[in-house]
Amino acid sequence: MSTFTSLMDSVDIPAAREGLNDAGWRIIGNIDDVAVLQAVKDELDRMATSPDVEINYGGSEHRVWMAHEKSDLIRDFFEFSNGVISRVEDEEHVAHNVLAIRNRALSNMSAELTQGRWHLDSLRRQLKIFVFLTDVTPDSGCFEMIPGSQRMGFKLEHALKGELVTLQDLIRNDGTRAYSHLREQLIERIVARGYESKAFTVPKGTIALVDTSSVHRARPCTSGERYALTSYYH
Ligand SMILES: O=C(O)CCC(=O)C(=O)O
Ligand SMILES: [Fe+2]
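Parameters and conventions
Residues numbered from 1 in each chain as written. Chains lettered and ligands numbered in written order. Predicted model: local features only at pLDDT ≥ 70, side-chain atom pairs only at ≥ 80, totals over all residues. Near = placed C-beta within 6 Å. Nonpolar A, V, L, I, M, F, W, Y, C, P; charged D, E, K, R; others polar. Pairing = 2+ DSSP bridges. Helix = DSSP H or I, 4+ residues; strand = E, 2+ residues; numbered from the N terminus. Axes fitted to C-alpha atoms, helices over the stretch in contact; angles between N-to-C directions.

**Q** Would you mind going over the site of ligand 1 in detail, with residue names and values included?
**A** Close contacts around ligand 1 come from I101, D121, K128, F143, T212, H216, A218 and T230, and that covers them all. Residue composition of the shell around ligand 1, grouped by class: 3 nonpolar, 3 polar and 2 charged.

Here you go:
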């Protein structure tokens, strides 16, 4: 079970660092073994029936946390991911969580299910590695982000305008952060200023390294399904 870890040496670390700094993301590799992708997907389906699964968006999204402790294949992804992040950061890092996530089509397109999805995970650099287990289409709930929005210059500019973050956000720590639900109009204004959103409509097996302190969301899934693993770092 070393499908992921055997890819470690092929990851271009300087390019990964550059991608993070410039755009906030980089594709760092690809799993070609479709049987392994299918096996992880099957494990996710199995784990999604467990009572401790988190279910969101009207039953369309299933989240299995600490998935690396529940599957050997996912543990291999965890180890690969730790190796990559430790090299990129030039310091030992261990993921504090691995999420196995399954998105299926929403039952309706109500605002509750489709809006309020754009957010920042943090104001400071925060890295995640995603591996997509199924082909991701524009409609199957793709990960989407605004390249460049991870930069402190971007955040300060918008913070000072009181749009992205209020001064209160910078000092309070009560879990009510405004940047956890950005208004759709703000995203429209950011795009109108010349930022383009990047949708990760990628073939199955694609591995992406992302700074999720950028403006991002999972686009509402309107048809098909999306399966992914995500490793979390502080
Ligand atoms: O599932 C996704 O595509 C993104 C979810 C998200 O916001 C995150 O992983 O930080
Ligand atoms: Fe996020």
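Read on, since the account is not over.
**Q** An account of the sheet that holds strand 7 (residues 198–199) is needed here, citing residue identities and associated values.
**A** Pairing in this open sheet of 3 strands is antiparallel, and the strands run 7-6-9 from one edge to the other. Sheet topology places strand 7 and strand 9 (216–218) at the edges, where each strand pairs with a single neighbour. In this sheet, strand 9 lies alongside strand 6 (residues 143–145) in antiparallel orientation, the contact comprising 3 bridges. Note that in strand 9 the partner of F143 across the bridge is A218.

**Q** How would you sum up the sheet that holds strand 2 (residues 54–56)? Please name residues and give values.
**A** Across the sheet, which stays open at both edges, the 7 strands sit in the order 1-8-5-10-4-3-2 with antiparallel pairing between neighbours. A single partner strand is all that each edge strand has here, and the edge strands are strand 1 (25–30) and strand 2. Strand after strand, the sheet turns through a mean of 20 degrees between neighbouring axes, direction not considered. Of the pairings in the sheet, the one linking strand 3 (residues 61–64) to strand 4 (residues 97–104) comprises 4 bridges and is antiparallel in character. Note on strand 4: the bridge partner recorded for V64 is A100.

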